[in-house]
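In case you want the letters, here they are:
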Amino acid sequence: MIPGGGQPDMQQLLQQAQKMQQDLAAAQQELAEASVEGTSGGGLVKATVNGSGELQGLVIDPKAVDPEDTETLADMVLAAVRDANSAAAELQQQKLGPLAQGMGGMPGLPF
């Protein structure tokens, strides 16, 4: 037998876990719907990703297209996508960071 009954603490723990799960699902939904942009080449290439880092769009200014130098264009595309992914990572940290910290302070569940 657990001193103090034990049951209310377990119930409270389960409620906290359920709330965190709901908050996490809401944050993940916000990230999926969010849109962040990255650029390179002074704005010649723009990449748009969702908050999860999935590429949603790519805009290439015609001035960036040089048939004799496709390597530079490829580098600009990569740089724009990386820039957008970096912005998505920051957004993830803003949305999920506090939730992860909250989970770390919660005692482990027995399952």
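Model, not experiment: these values are computed from the prediction. Throughout, a residue's number is its position along its own chain's written sequence, starting from 1. Given that this is a predicted model, residues contribute local features only at a pLDDT of at least 70 and side-chain atom pairs are listed and counted only at 80 or more, while totals for whole chains, interfaces and linings are drawn from all residues. Excluded from the side-chain calculation are hydrogens and water; included are all heavy atoms of the structure.

Enquirer: Is there a simple way to explain the overall build of the protein chain in this structure?
Expert: Think of it this way: any DSSP run of H or I at least four residues long counts as a helix, any run of E at least two long counts as a strand, and we number them from the N terminus. Helix and strand content of the protein chain: two helices and three strands. Listing every helix and strand of the protein chain by position from the N terminus yields α-β-β-β-α. The rule is simple: take the accessible area with a 1.4 Å probe, protein chains only, and divide by the maximum for that residue type; under 20% is buried, over 50% is exposed, in between is partly exposed. In the protein chain, which comprises 111 residues, the share counted as buried stands at 23%. When contacts within the protein chain are restricted to residue pairs at least 6 apart in sequence, those whose partners lie at least 24 apart make up 56%. Entry remark: accessible area of the protein chain is about 7,700 Å², with carbon and sulfur atoms responsible for 53%. We call two residues contacting when some pair of their heavy atoms lies within 4.5 Å. Surface accessibility in these figures is a Shrake-Rupley result with a 1.4 Å probe; residues are shielded only by whichever protein chains are displayed.

Enquirer: Sorry if this is basic, but what is going on with the pairing of strand S1 (residues 35-40) here?
Expert: Consecutive side chains of a regular strand alternate in pointing toward one face of the sheet and then the other. Along S1, the buried face is formed by Val36, Gly38 and Ser40; none of Ser35, Glu37 and Thr39, which line the opposite face, is buried. Paired strands are those between which DSSP finds at least two bridges. Note that S1 and strand S2 (residues 45-50) share six bridges and pair antiparallel. Along S2, the bridge assignment pairs serine 40 with valine 45. Hairpin geometry of S1 and S2 is characterised by an intervening segment of four residues between the two adjacent antiparallel strands and by a positive phi of about 60 degrees at glycine 41.

Enquirer: Help me understand the side chain of serine 40 in this model?
Expert: Its location among the elements puts serine 40 in strand S1. Of the residues examined, serine 40 reaches a relative accessible area of 10% and is grouped as buried. Look past the residues within four positions of serine 40 in its chain and what remains in contact with it is Val45, Met76, Val77, Ala79 and Ala80.

Enquirer: So what exactly am I meant to see when it comes to the environment of glutamine 29 here?
Expert: When you line up the elements, glutamine 29 lands in helix H1 (residues 7-33). Judged by relative accessible area, which is 44%, glutamine 29 ranks as partly exposed. Along the sequence, glutamine 29 and glycine 51 sit 22 residues apart, while their C-alpha atoms lie 9.2 Å from each other.

Enquirer: Explain the confidence of the model for the protein chain here, please?
Expert: Detailed reading of the predicted coordinates is not advisable wherever pLDDT is low. Within a predicted model, pLDDT stands for the predictor's per-residue confidence, ranging from 0 to 100. Counting all residues, the mean pLDDT for the protein chain is 83, and 82% of those residues have values of 70 or more. Between residues 105-111, whose pLDDT stays under 50, and residues either more than four places distant or in other chains, the model counts nine contacts.

Enquirer: Looking at this structure, how should I read the nonpolar core?
Expert: One recurring pattern in soluble globular proteins: nonpolar side chains tend to sit buried together. Within the largest apolar cluster, 15 residues are counted, with the highest numbers of intra-cluster contacts made by Val45 and Leu73. Elements supplying a minimum of two residues to this core: S2 and helix H2 (70-104). Among the elements that line this core, the one with the most residues is H2, at eight residues. With residues up to four places along the chain from it excluded, the contact list for leucine 73 reads Val45, Ile60, Ala64 and Val65. We call a set of buried residues a nonpolar core when its members are Ala, Val, Leu, Ile, Met, Phe, Trp, Tyr or Cys and they connect through side-chain atoms within 4.5 Å of each other.

Enquirer: Explain a nonpolar patch on the surface to me, please; I cannot follow it from the model alone.
Expert: Patches here: salt-bridge-free residues with over 30% relative accessible area, like charges joined within 9 Å, nonpolar side chains (Val, Leu, Ile, Met, Phe, Trp, Tyr) joined within 5 Å. Here, a salt bridge means any side-chain nitrogen of Lys or Arg that lies within 4 Å of a carboxyl oxygen of Asp or Glu. On the surface, Leu58, Ile60 and Val65 cluster together into a nonpolar patch covering about 220 Å² of accessible area. Mapping leucine 58 onto the fold places it in strand S3 (residues 55-60).

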